[in-house]
Amino acid sequence: MTDNISAGPHAPDAPSPADGYVGDPAVRAEWDNRYADRQQLWSGRPNGALVAEVAGLTPGRVLDVGCGEGADAVWLARAGWDVTALEVSGVALERAAGHARDAGLTVRWVHAALTEAALPTASFDLVSAQYPALLRTPDAAAEKALLAAVAPGGVLLLVHHAGMDTQPAHDSGFDPGDYVWPSMVAALLNDDWEVEVDEQRPRVAPDGGVGAHHSDDLVLRARRLR
């Protein structure tokens with residue numbers, strides 16, 4: 001899970017400098033600390049729902065929201081997509097950029113919160129958000145930012161862990177009510193959108209990494225008609 005994004009253009013092969021981050025410093029620090037606690041937080045392999053849902057799509061411009069250590073971004077770039085990958089954690093971005101360099105791939109990295117990023121409106125053929133930690137706000141800013149990034153004819157793919165949205169607040173301080181879930185994004189879709197997938201299904205999970213114990217996904221795939 002991750003929230004993310006940037007305030008302007010950056011070199012394609014490296015994350016922006018730490019002082020270029022735009023967003024809540026406390027959120028960045030929280031995720032930097034989480035990544036710094038381990039040499040590798042996630043499995044290093046692309047998310048199963050992304051692989052399944054992207055099959056058959058013509059590669060174009062893709063926005064990877066909450067790219068983490070870059071497994072999805074690298075996989076998409078290798079498949080021919082023009083990738084913009086967003087992340088709040090500078091630690092994660094450094095790892096992601098290293099993986100892309102090792103693979104000889106170009107990815108545009110952005111370091112900021114999704115709602116603070118200077119993204120081109122309606123310009124991505126695919127917006128992928130795999131288990132993102134997007135904070136809820138009264139004005140639904142994160143939900144609207146996801147939708148606004150999708151180009152006419154493009155696809156929004158939002159995947160999350162089933163059942164987490166109905167859990168009570170944890171003693172650790174995690175409260176599902178603080179975050180955006182697929183149903184909240186689906187509720188904003190109007191006649192400009194066609195819902196192609198909105199379901200719960202067994203998760204195709206990469207081995208290893210945090211979150212591997214989750215067994216089911218919520219998958220929302222919607223196409224922007226105009």
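Caption draft 1: Structural detail: the pairing of strand 4 (residues 124-130). Counted residue by residue, strand 4 has 6 buried out of 7 residues, so it is predominantly covered. Note that strand 1 (residues 61-65) and strand 4 share 4 bridges and pair parallel. When the sheet's bridge partners are listed, Asp-64 is paired in strand 4 with Ser-128. Bridging between strand 4 and strand 5 (residues 150-161) involves 6 bridges; their strand directions are parallel. Bridge pairing links Gln-130 to Val-159 in strand 5. You can see the chain leave strand 4, run along helix 5 (residues 141-149) and come back into strand 5, and the turn it takes is right-handed.

Caption draft 2: Geometry of the sheet that holds strand 5. The strand order across the open sheet built from 7 strands is 3-2-1-4-5-7-6, with neighbouring strands paired in mixed fashion. Two strands bound the open sheet, and with one partner strand each, they are strand 3 (108-111) and strand 6 (193-202). Neighbour-to-neighbour, the strand axes of the sheet open up by a mean angle of 15°, direction not taken into account. Bridge count for strand 1 against strand 2 (residues 82-87) is 5 bridges, and the pairing is parallel. Across the sheet, the residue bridging to Val-62 is Val-83, located in strand 2. Docked against the sheet, helix 3 (residues 71-78) engages strand 1, strand 2, strand 3 and strand 4, running at close to 175° with respect to strand 2. Its contacts with the sheet put helix 5 on strand 1, strand 4, strand 5, strand 6 and strand 7 (216-224), and the angle it makes with strand 5 is roughly 140°.

Caption draft 3: Quick peek at the packing of helix 1 (residues 25-36) against helix 4 (residues 90-103). Relative orientation of the contacting elements helix 1 and helix 4 amounts to 55°, with a least axis distance of 7 Å. Compared by their axis directions, helix 1 and helix 4 come out oblique. Every residue of helix 4 that contacts helix 1 at Asp-32, Tyr-35 and Ala-36 is listed here: Gly-90, Val-91, Ala-92 and Arg-95. Split by residue class, the contact of helix 1 with helix 4 holds 4 nonpolar, 1 polar and 2 charged.

Caption draft 4: Focus on the pattern of salt bridges. According to the stated counting rule, one finds 8 salt bridges in the structure shown. Here Arg-221 ties to Glu-53 by a salt bridge, and the two come within 3.3 Å at their closest N and O atoms. Here Glu-53 lies in helix 2 (residues 48-54) and Arg-221 lies in strand 7, a separation of 168 residues in the sequence. One exposure class covers both Arg-221 and Glu-53, and it is buried. A salt bridge links Arg-95 to Glu-69; the shortest N-O distance between them is 2.8 Å. Separated by 26 residues along the polypeptide, Arg-95 in helix 4 and Glu-69 in the loop between strand 1 and helix 3 bring together distant segments of the chain. Here the residues in one salt-bridge network are Glu-53, Glu-196, Glu-199, Arg-201, Arg-221 and Arg-223, joined through shared partners.

Caption draft 5: Up close: helix 1. With 12 residues, helix 1 extends 16 Å from end C-alpha to end C-alpha; this agrees with the ideal 16 Å at 1.5 Å per step. Within the sequence span of helix 1, burial applies to Val-27, Trp-31, Asp-32 and Tyr-35. With its buried residues spanning 130° around the axis, helix 1 presents them on a single face. Exposed side chains of helix 1 directed beyond 90 degrees from the buried face belong to Pro-25, Asn-33 and Ala-36.

Caption draft 6: Representation of the packing of aromatic side chains in the model. For the coordinates displayed, the defined rule picks out 1 aromatic pair. Ring centres 6.3 Å apart and planes at 40° place the aromatic pair Trp-31 and Tyr-35 in the tilted group. Within this pair, Trp-31 and its partner Tyr-35 are both found in helix 1, separated by 4 residues, close to a single helical turn. Judged by relative accessible area, Trp-31 falls into the buried class, the value being 7%.

Caption draft 7: Spatial organisation of the confidence of the model for the chain. When the pLDDT values of the chain are averaged, the result is 87; 86% of them are 70 or greater. Across residues 1-18, where pLDDT falls below 50, the model places 74 contacts with residues more than four positions away in sequence or in other chains.

Basis of the calculations
- Residues numbered from 1 in each chain as written.
- Predicted model: local features only at pLDDT ≥ 70, side-chain atom pairs only at ≥ 80, totals over all residues.
- Heavy atoms only, no water.
- Buried < 20%, exposed > 50% of the residue type's maximum accessible area, 1.4 Å probe, protein only.
- Helix = DSSP H or I, 4+ residues; strand = E, 2+ residues; numbered from the N terminus.
- Pairing = 2+ DSSP bridges.
- Right-handed = clockwise from strand over helix to strand, strands pointing away.
- Axes fitted to C-alpha atoms, helices over the stretch in contact; angles between N-to-C directions.
- Contact = heavy atoms within 4.5 Å.
- Parallel < 35°, antiparallel > 145°, perpendicular 65-115°, else oblique.
- Nonpolar A, V, L, I, M, F, W, Y, C, P; charged D, E, K, R; others polar.
- Salt bridge = Lys/Arg side-chain N within 4 Å of Asp/Glu carboxyl O.
- Expected span 1.5 Å × (residues − 1).
- Arc of directions from axis to C-beta.
- Phe/Tyr/Trp six-rings, centres within 6.5 Å; stacked < 30°, edge-to-face > 60°.
- pLDDT = per-residue confidence, 0-100.

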